[in-house]
Amino acid sequence: MSKGLTSRSEDYSQWYNELVAKADLAEHSAVRGCMVIKPYGYSIWEKMQAVLDQKFKETGHSNAYFPLFIPKSFFSKEASHVDGFATECAVVTHYRLKNDGNGNIIVDEDAKLEEELIVRPTSETIIWNTYKGWIQSYRDLPILVNQWANVVRWEMRTRLFLRTAEFLWQEGHTAHATAEEAIAETEQMLDVYADFAENWMALPVVKGKKTANERFAGALDTYCIEALMQDGKALQAGTSHFLGQNFAKAFDVKFTSKEGKQEFVWATSWGVSTRLMGALIMAHSDDSGLVLPPKLAPIQVVIVPIYKGEEELSKISEAVDVIIKDLKKKGISVKYDDRDTQRPGFKFAEYELKGVPVRLAMGGRDLENNTVELARRDTKTKETVSRDGIADRIELLLEEIQQSIYHKALQFRTENTKKVDSYDDFKKALDETPGFIAAHWDGTSETEAKIKEETKATIRCIPLNNEQEEGVCMVTGKPSSQRVLFARAY
RNA sequence: CGGGGUGUAGCGUAGCCCGGUAUCGCGCCACAUUUGGGAUGUGGAGGUCGUAGGUUCGAAUCCUGCCACCCCGACCA
């Protein structure tokens, strides 16, 4: 591991790339656009999965699994859906290879599929084709299913975690008897995502609705949570879609109502992906490396012994054992790094890079004084404290760190959210102080497109429960009843 | 996919213009001394120069194709 990290101010993109690599989160694979998620990175993802999975189950959902491959014809059934995904699909056309006689393995042209298979970019079509067989009566509803899966979107330009050709995610797909129920489900899941982002990832998010331009292909309404990264760019961290009856109509999924009428089923879908890893990294980390919220850190506490000789090490280890037992009793994950192949300073730097929230160091002095050095990753402060009640102290500290990094991120977002009233000020703000910009907009797709064309900023969302305020569109001067949130985005 | 750039040991690089089998640093291995913020010394290992062709007596170096990555656009979770 080489020393140092490019600083954020020097080159934010490079800082991010180096951090992902040096903190052992992920690396590029031999496959275009696809990453290898390394064990440390994957363990963070697993923590996220575990929390989300529990939340899905608490809200009545069950997990299921649908095929990786989707017959091409399924895609043509929902017109706007195919438009949205057609340009980024991986397609399977053959099912066999052969030896060409010169020692080369080639595709066997005789093994062409009758119908091509699409590697799923999202699963609405295969799932709604399946739901057709599951739903006859209102008694069969609702269906509340989630799937943990990989999907493929053949992106032109990729970045580790933020945009890869293959990514891991969960996609919930629910079926309801009424529009009201489906909308309530869409909103409920948005709340689940927001709660997860804020209380687990320590990432403040704005809940809102997408404009028509930014809506999911096939949705009537797309709700989202939007977060602000340290470089002032926005990141869509999760989406929840109200799909109306679009997919039910496309796949002819009807049910008999209480009144004996045939009606189309109402649908939702919602998802978050390994992109959340990117959000987590960019939201909190600093020029020394990753900063992880304690609730998602695979290792919450690391203990480093500082010793001269094996005898001293064994005495320290004895004292450390007591602390480890107390921490484990509280369900705190702790690692004791007594490797004698690395020196303490090296270990300090390494665990800072990996974002371990709390570090204890114990040496000969501490042994004598019944103390330990307690360091917190987020503020990089350290103090020597008594070992009495250390586990309680750490338990509180972890909670404090969780709160502290949330508030730091929230303060950053507050400072970088500006109200702007003229288009000139808007452009100036984008270039000089990037962040969220709340501005009036006339509500038309044309104006939105013009702003995007000219400034590369998009409407991230129309915040839910948005403050109503009379004003005029900053571009066209037409009347507007509320401000919407703009930003340049990932 | 369009424009620009890069690819030499695990990582970062020199050499390329002007062709003759590769430089340096970090890391790695062994031993010794070390250990309260990325140790030091001595010795050692590690390379089909991204890849496939071409030119040439000879290619890291010149030419062509392909692949990957980075930056800027378009697209996107």
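Just so you know, these numbers come straight off a predicted model, no measurement behind them.

So, on to the sheet that holds strand β17 (residues 301-305). The strands making up a sheet associate through hydrogen bonds between their backbones, and the pairing can be parallel or antiparallel. The sheet built from five strands is open, its strands ordered β18-β17-β19-β20-β21 with mixed pairing. Whereas interior strands pair on both sides, the edge strands pair on one side only; in this sheet they are β18 (334-336) and β21 (381-386). Averaged over all neighbouring strand pairs, the angle between strand axes comes to 20°, with direction disregarded. With six bridges connecting them, strand β20 (residues 371-376) and β21 associate as antiparallel partners. Bridge assignment links Thr371 to a residue of β21, and that residue is Ser386. The sheet contacts of helix α9 (residues 309-329) involve β17, β18 and β19 (358-362), and relative to β18 the element is tilted by about 170°. Helix α12 (residues 390-415) rests against β17, β19, β20 and β21 of the sheet, and its axis sits at about 10° to β20.

With the rule as written, the count across this model stands at 31 salt bridges. Between Lys38 and Glu27 there is a salt bridge, and its shortest N-O distance comes to 3.6 Å. Taken together, the residues span a long stretch of sequence, with Lys38 in the loop between β2 (35-37) and α2 (39-58) and Glu27 in strand β1 (residues 26-28) at a distance of eleven residues. Of the charged contacts in the structure, one is a salt bridge between Asp221 and Lys209, with a shortest N-O distance of 3.2 Å. Of the two residues, Asp221 sits in strand β12 (residues 221-228) while Lys209 sits in strand β11 (residues 206-209), which places them twelve residues apart along the sequence. Under the relative-accessibility criterion, Lys209 is labelled partly exposed at 27%. Through salt bridges with shared partners, a single network forms among Asp24, Glu27, Lys38 and Lys354.

On the secondary structure map, Leu203 appears in the loop between α6 (179-199) and β11. Remark: the alpha-carbon pair of Leu203 and Ala237, spanning 34 residues in sequence, is separated by 9.7 Å. Setting aside its immediate chain neighbours within four residues, Leu203 contacts Ala197, Glu198, Ala227, Met229, Ala279, Ala283, His284 and Tyr406.

Among the 40 residues in the neighbourhood of RNA strand B, the closest are listed as Arg163, Gln236, Arg275, Asp366 and Lys382. Take the atoms of RNA strand B that sit within 4 Å of the protein: sugar and phosphate atoms are 40% of them. In this structure, Gly33 approaches RNA strand B through a main-chain N or O atom, which is 3.3 Å from a phosphate oxygen. One nitrogen or oxygen atom from the side chain of Gln236 is found 2.4 Å from a sugar or linking oxygen belonging to RNA strand B. Mapped onto the surface near RNA strand B, the elements with two or more residues apiece are α1 (12-22), α10 (344-353), β19 and α11 (364-369). The dominant element in the surface near RNA strand B, judged by the number of residues it contributes, is α10, at seven residues.

It is worth spelling out the domain arrangement of chain A at this point. Structurally, chain A comprises domain 1 (12-81 + 121-284), domain 2 (294-400) and domain 3 (417-487). Spacing between the C-alpha centres of domain 2 and domain 3 amounts to 48 Å.

Buried within helix α14 (residues 445-455) are the following residues: Thr447, Glu448, Ile451 and Thr455. Projected down its long axis, α14 shows its buried positions confined to an angular sector of 100°, all on one face. The outward face of α14, more than 90 degrees from its buried face, is lined by the exposed residues Glu446 and Glu453. If you follow the buried residues of α14, they end up packed against α13 (423-432), β24 (458-463) and β26 (479-487). Positive backbone phi, at 65°, marks Lys456, one or two positions downstream of α14.

The rules behind each value
- Residues numbered from 1 in each chain as written.
- Chains lettered and ligands numbered in written order.
- Predicted model: local features only at pLDDT ≥ 70, side-chain atom pairs only at ≥ 80, totals over all residues.
- Heavy atoms only, no water.
- Pairing = 2+ DSSP bridges.
- Helix = DSSP H or I, 4+ residues; strand = E, 2+ residues; numbered from the N terminus.
- Axes fitted to C-alpha atoms, helices over the stretch in contact; angles between N-to-C directions.
- Contact = heavy atoms within 4.5 Å.
- Salt bridge = Lys/Arg side-chain N within 4 Å of Asp/Glu carboxyl O.
- Buried < 20%, exposed > 50% of the residue type's maximum accessible area, 1.4 Å probe, protein only.
- Near = heavy atom within 4 Å.
- Polar contact = N/O pair within 3.5 Å; in protein donor to acceptor, adjacent residues only side chain to side chain.
- Domains from an automatic or database assignment.
- Arc of directions from axis to C-beta.

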